[in-house]
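Working through the structure, step by step
Listed below, chain by chain, are the residues.
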Amino acid sequence: MEEESPSYKHDQSPFYHAREAALLRSSIEGGDVIFVSSAPSVELWKLVVNEKVECQTLTEALPPVKFLDLTNFKMKKDTFISPRLAHHIDWAMKAGKKVILYIQAARGTAMIVEELKRPFPYAKVAGYDKSSAACPRGFDILVATQAVFRHRQTLRADVAAVLDIDWEFHKADHRAGHGAFVLVQHLRQMVKEFVLLQTRHIDHKGLHALAEDDPAQFYRHELKMRKEADLPPFQYLVAVVVRSSDPELACVEAKNLYDKMNSVRPEGVELHEPQQDRSAIVRGKFRYCLMIQGKSLKVVMGFVKEALHGFRRKKDVIVTVNVDP
């Protein structure tokens, strides 16, 4: 279930992905693999397009997606509910309907719960995130983070809204567009009426592609964008992470490794200078990342292995390699 879930990629070395492991085992043993998903990964969809994987679709009528255009509207500081969204919520409350408002975990739910209590003092407003003891059921308005999808099979509402869909699209992650698609698809499966998306980029092609009732259109757009940017599944990305409890040492050793790798870098392989990793500190270790990009995984990994073989790392320095992070 949910083949697209990032949880299927191991979060520790050797960072294997269950999808790739299953396909490899299938090729060795000659068995079949069945992937189940309401929003397949772009990597799997490319295999469908190339007719290496057969796709069978179970059709389900999902509620429509509507846009709330914030292009010319300036939100007050520390507010998330636009007047147009408030209008929809008011309609839902008067009609006795339930509303789910989705917000990123980093923003938190408490501030939005308080913001809603002022215009809707008569409504039962609740928040839910990964630290909550239980998911509220007797709500009128539920402000929730990604944790709400744990209950996707059982929790139902009438209307849902994504308070900042633009943030989902513009995260520093080449899978951000697909992540937004997954988010919207999951919300559509949880509501009866419609899903609202607050946006300041009303003409964004990717935004409209994910809202169409035609998943193939979204995947065509996403594959086109990734091909133009030389991103997976058209090229391979490899992250070499240098980490240490000493931030200065981690930085220096990452630079030393970069110099070593640059001296043996083959033609056709792109090497990016070390930057702080997206998770700059994990379990007390400071992390710097070198990104390597190339069309051939064999060539890229051969280059990485050669460079690491001659690299004498200092004590308290750990180096890990993650393919297509």
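In this report, the structure presented in the accompanying data block is examined. Note that this is a predicted model, so its numbers are computed, not measured. (Residues numbered from 1 in each chain as written. Predicted model: local features only at pLDDT ≥ 70, side-chain atom pairs only at ≥ 80, totals over all residues. Heavy atoms only, no water.)

**Side note on the nonpolar core**
Among the nonpolar cores identified, the biggest contains 39 residues, and Leu142, Val148, Leu155, Ile165, Leu187, Leu197 and Leu210 are the most heavily contacted of them. Residue contributions to this core peak at seven residues, all from helix H6 (residues 176-190). Leaving out residues up to four positions away in the same chain, Val148 has contacts with Tyr128, Leu142, Leu155 and Met190. One finds Met93, Val99, Leu101 and Ala161 within the second-largest nonpolar core, a separate group that totals 23 residues. (Core = buried A, V, L, I, M, F, W, Y, C linked by side-chain atoms within 4.5 Å. Buried < 20%, exposed > 50% of the residue type's maximum accessible area, 1.4 Å probe, protein only. Helix = DSSP H or I, 4+ residues; strand = E, 2+ residues; numbered from the N terminus. Contact = heavy atoms within 4.5 Å.)

**Regarding the layout of surface pockets**
Empty space within the second largest pocket amounts to approximately 1,400 Å³. What lines the second largest pocket is a set of 42 residues, and nearest its centre among them are Ser37, Pro40, Cys55, Gln56 and Thr57. Contributing elements (two or more residues each) for the lining of the second largest pocket: helix H1 (18-29), helix H2 (42-49), H6 and helix H8 (215-228). Each residue belonging to the lining of the second largest pocket can be placed in one class, and the counts come to 20 nonpolar, ten polar and twelve charged. (1 Å grid on protein atoms, 1.4 Å probe; cavity = no way out; pocket = protein on both sides within 12 Å on 5 of 7 lines; lining within 4 Å. Points joined across faces, edges and corners; volume = space filled by probe spheres on them. Nonpolar A, V, L, I, M, F, W, Y, C, P; charged D, E, K, R; others polar.)

**Focus: the sheet that holds strand E6 (residues 191-199)**
Read from one edge of the open sheet, six strands run E1-E6-E5-E2-E4-E3, paired in parallel fashion. Unpaired on one side and paired on the other, strand E1 (65-69) and strand E3 (125-128) mark the two borders of the sheet. When strand polarity is set aside, the average angle formed by the axes of neighbouring strands in this sheet is 20°. Bridge analysis of E1 against E6 gives five bridges, and the strand direction is parallel. Across the sheet, Leu68 pairs through a bridge with Gln198, a residue of E6. Where helix H4 (residues 110-117) meets the sheet, it contacts strand E2 (99-102), E3 and strand E4 (141-144), and its direction lies at approximately 170° from that of E3. Lying over the sheet, H6 contacts E1, E2, strand E5 (157-162) and E6, oriented at roughly 150° with respect to E6. (Pairing = 2+ DSSP bridges. Axes fitted to C-alpha atoms, helices over the stretch in contact; angles between N-to-C directions.)

Spatial relationships are all this shows, so hold off on functional conclusions.
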